[in-house]
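Per-entry structural report
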Amino acid sequence: MTNREKLQDLLQDILLLDPSEFRFDLMRDDVQMWDSLAVVAIAVGVDETFGYHFTPEEAMTIKGVPDIMALLETKSISFAE
Amino acid sequence: MISFLRFDEDDDLSLHSRLNQCWTSNQPFIVAPHSLGDATVELLRSINRNQEAVSGTAFAVATSGSTGEPRLYFGDRNRARALVQTLHVVQRSDPVTETLGILPLSYSFALVNQWLWATEFGRRYVPTNGFKYPEILAKQLLNTKSAMLCLVASQVPLIKRFFGNRKFPGVIRVHFAGERFPQKELPYIAEVFPNATVFNNYGCTEAMPRLTCRLSDDSEDSENVGQPIPGVRLRLGLDGALLFRSKYSAVATLSDNGAQRISDNEWIPSGDYAVQNSDGSWSISGRTNQVFKRHGVKVSVQAVLSHLENVWTGQLSQYSLYDTDSSISYALVVSPEPSPEQLRSILRALRDHFSRAHWPLRIESLSSIPTLASGKIDSQELISSNNKKLHWRQRI
């Protein structure tokens, strides 16, 4: 499973999205269920899946899926297709 | 001398004979499930230390294996007789000539609504082995005439599994109690019991046991339990919990905390939250131990389960669970195992109709939901079972 697939699975799971509803350019404002609790759940899920725990400051800056990938890329976690 | 009568699914005629003897000769007796936990056995032993509290009462019902908190509820003969007189009218039981015991008589619903009613009105009580031997039960149901049944909702899947599309025209009354009324299964129940009038009964062991009753056709809402029966008054406590006064209620309880008399002036908690409808009927909105605040939001597990019934046709159950912050929540257990698409339907229903605080912490499945001899869900087994399969979880 690629990192893209892992991230997609994780976010679908946390935000209860159908596979057809997921996009890698999804933004927080596009998803009603992306509330503050979801932010916490995403931080926990990213830690479990990729072994990196967002700092509170990092978690606050996340506005969408591209931000998550960009942040993790800086930690040498690649999302190249 | 108190007789202990321990019932299970087995058709033990000597036990029924002892029950008849106790009732007719005014001997005190305790009915209890056959498989008692150690805590319940200890409670029964303690009865000898609490003779004063229980003197003057006639019989007692031992509960509750499902929660693991055993308690004895003491009833009074005259109150129980008065209740079956009322039920006979409310439940339109005059044409009924016999009743088949599918639930064990350790369950107050079966003890009062069936056995005692049959005894007082000179009707035949037919013991069965329940679904332990479904073919024998099917024959008994086929041979019965003008019969009444008392069931719990979790037995409907058993009826479907074992009896399919068979018809039992000799059954003319079917009573449900003890769990959420299987409103959505009424078309199937009408096929299997084509001549039966179906009732939704509500109560609790403290009420010994009946509080309300309605015909199945009186509402399309499974939470609607109808109007109080004559002799029962209902009201809400300040927190929305349903309280009752009943001239039929238990007169004392015995638990680990000792014996307590129940006075006639006491408003007794039923264990549920409720609302009163504009027509005077009542709707149950959740068990008081299944409604909680999570992230500042009031969560009713029953409301969630009721909604999920629209997308999940199998069995649904739940048990309490704490999250990583030690806040109470719950796990949803479905049966049988859902397909990925069915799981997505459940998740979609949660997402579209409830905020995250209402979502379960976990969604698990079991091949079948464990039940007690009474047919009610065995909460302890549900929690401790190692066979649960995890399908989804919240990460907070």
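In the block above lies the structure referred to throughout.
Let me begin by describing the structure that accompanies this report. Everything numeric here is computed off the predicted structure, so don't read it as measured data. (Residues numbered from 1 in each chain as written. Chains lettered and ligands numbered in written order. Predicted model: local features only at pLDDT ≥ 70, side-chain atom pairs only at ≥ 80, totals over all residues. Heavy atoms only, no water.)

**Notes on the overall build of chain B**
Just so we agree on the cut-off: What counts as a helix is a DSSP run of H or I of at least four residues, what counts as a strand is a run of E of at least two, and both are numbered from the N terminus. The size measure is the radius of gyration over C-alpha atoms, and the globule rule it meets is 2.2 Å times the number of residues to the 0.38 power. Buried residues are those whose accessible area, probed at 1.4 Å on protein chains only, stays under 20% of the maximum for their type, while exposed residues exceed 50% and partly exposed ones sit between those limits.
Tallying secondary structure elements over chain B gives 11 helices and 23 strands in all. Over its C-alpha atoms chain B spans a radius of gyration of 21 Å, differing by no more than 12% from the 21 Å that the globule rule assigns to 396 residues. With the C-alpha coordinates aligned to their principal axes, the bounding extent of chain B is approximately 60 × 50 × 45 Å. For chain B, with 396 residues in total, the buried portion stands at 57%.

**Overview of helix α2 (residues 36-50) of chain A**
Residues and elements named next belong to chain A. We count it as follows: By this rule the span expected of a helix is its residue count minus one, scaled by 1.5 Å. We call two residues in contact whenever any of their non-hydrogen atoms come within 4.5 Å of each other.
In this model, α2 (15 residues) spans 21 Å end to end at C-alpha, consistent with the 21 Å of a helix rising 1.5 Å per residue. For α2, every residue scored as buried is listed here: Leu37, Ala38, Val39, Ala41, Ile42, Ala43, Gly45, Val46 and Phe50. Along its buried surface, α2 packs onto α1 (3-15), α3 (56-61) and α4 (65-73). Downstream of α2 by a residue or two, Gly51 has a phi angle that is positive, lying close to 75°.

**Structural notes on the side chain of His175 of chain B**
All names here are of chain B. As a reminder of what qualifies: Definition of a polar contact: a pair of N or O atoms within 3.5 Å, with one able to donate and the other able to accept a hydrogen when the atoms are protein atoms, and with sequence-neighbouring residues admitted only if both atoms are side-chain atoms.
With respect to the helices and strands, the residue His175 is situated in strand β8 (residues 171-176). Relative accessible area serves as the criterion here: at 0%, His175 is assigned to the buried category. For His175, the side chain forms a polar contact with the side chain of Asn201, separated by 3.2 Å. Those residues in contact with His175 that lie beyond four places of it in its chain are Gln91, Phe109, Asn113, Met148, Leu149, Cys150, Leu151, Phe199 and Asn201.

**Focus on the sheet that holds strand β17 (residues 282-287) of chain B**
Strand pairing in a sheet is mediated by backbone hydrogen bonds. Such pairs are either parallel or antiparallel. Residue and element names in this part refer to chain B. Threshold: When DSSP finds two or more bridges between two strands, those strands count as paired. In this description, a line fitted to the C-alpha atoms serves as the axis of each element, helices being fitted only across the stretch in contact, and the angle between N-to-C directions of two axes falls anywhere from 0 to 180 degrees.
Ordered by their spatial adjacency, 11 strands build an open sheet running β6-β5-β7-β8-β9-β10-β11-β17-β16-β13-β12, and the pairing between neighbours is mixed. Each of the sheet's edge strands pairs with one partner strand only, and the pair in question is β6 (124-127) and β12 (232-236). Adjacent strand axes in the sheet meet at a mean angle of 40°, parallel and antiparallel pairs treated alike. Two elements, strand β5 (residues 98-101) and β6, share 4 bridges in a ladder whose sense is parallel. Paired with Leu100 across the bridge in β6 is Val126.

**Side note on the packing of aromatic side chains**
Residues and elements named next belong to chain B. Quick reminder of the rule: Side-chain rings of Phe, Tyr and Trp (the six-membered ring for Trp) are treated as a pair once their centres are within 6.5 Å; stacked means planes under 30 degrees apart, edge-to-face means over 60, and tilted covers the remaining angles.
On inspection of all chains with the given rule, the structure shows 16 aromatic pairs over all chains. Measuring from ring centre to ring centre gives 6.4 Å for Trp23 and Phe29, while their planes differ by 65°; the resulting arrangement is edge-to-face. The exposure classification of Trp23 matches that of Phe29, with both residues buried. Seen in terms of ring centroids, Phe131 and Phe163 are 5.8 Å apart; in terms of plane orientation they differ by 35°. Their pairing is tilted. Highlighted residues: Phe131 in the loop between β6 and α6 (134-143) and Phe163 in helix α7 (residues 156-163), separated in sequence by 32 residues.

**Regarding the interface of chain B and chain A**
Note the cut-off: Summed over both partners, the accessible area lost on bringing two parts together, with a 1.4 Å probe, is the buried area. The term salt bridge refers to a side-chain nitrogen of Lys or Arg lying within 4 Å of a carboxyl oxygen of Asp or Glu. Following the grouping adopted for this structure description, the nonpolar residues are Ala, Val, Leu, Ile, Met, Phe, Trp, Tyr, Cys and Pro, the charged ones are Asp, Glu, Lys and Arg, and the polar ones are all others, Gly among them.
On the chain A side, the residues contacting the 13 residues of chain B number 18 residues. Both faces combined, the contact of chain B with chain A buries some 1,500 Å², and carbon together with sulfur accounts for 55% of it. Broken down residue by residue, the surface that chain B buries against chain A is led by Arg351, Arg356 and Arg395 of chain B, which jointly contribute 54%. Remark: the boundary between chain B and chain A carries 6 salt bridges. Among the salt bridges present, the one from Arg348 of chain B reaches Asp18 of chain A, with a minimum N-O distance of 2.7 Å. Top contributing element to the side of chain B that touches chain A by residue count: helix α10 (residues 340-353) of chain B, with 5 residues. Residues that form the side of chain B that touches chain A fall into these classes: 6 nonpolar, 1 polar and 6 charged.

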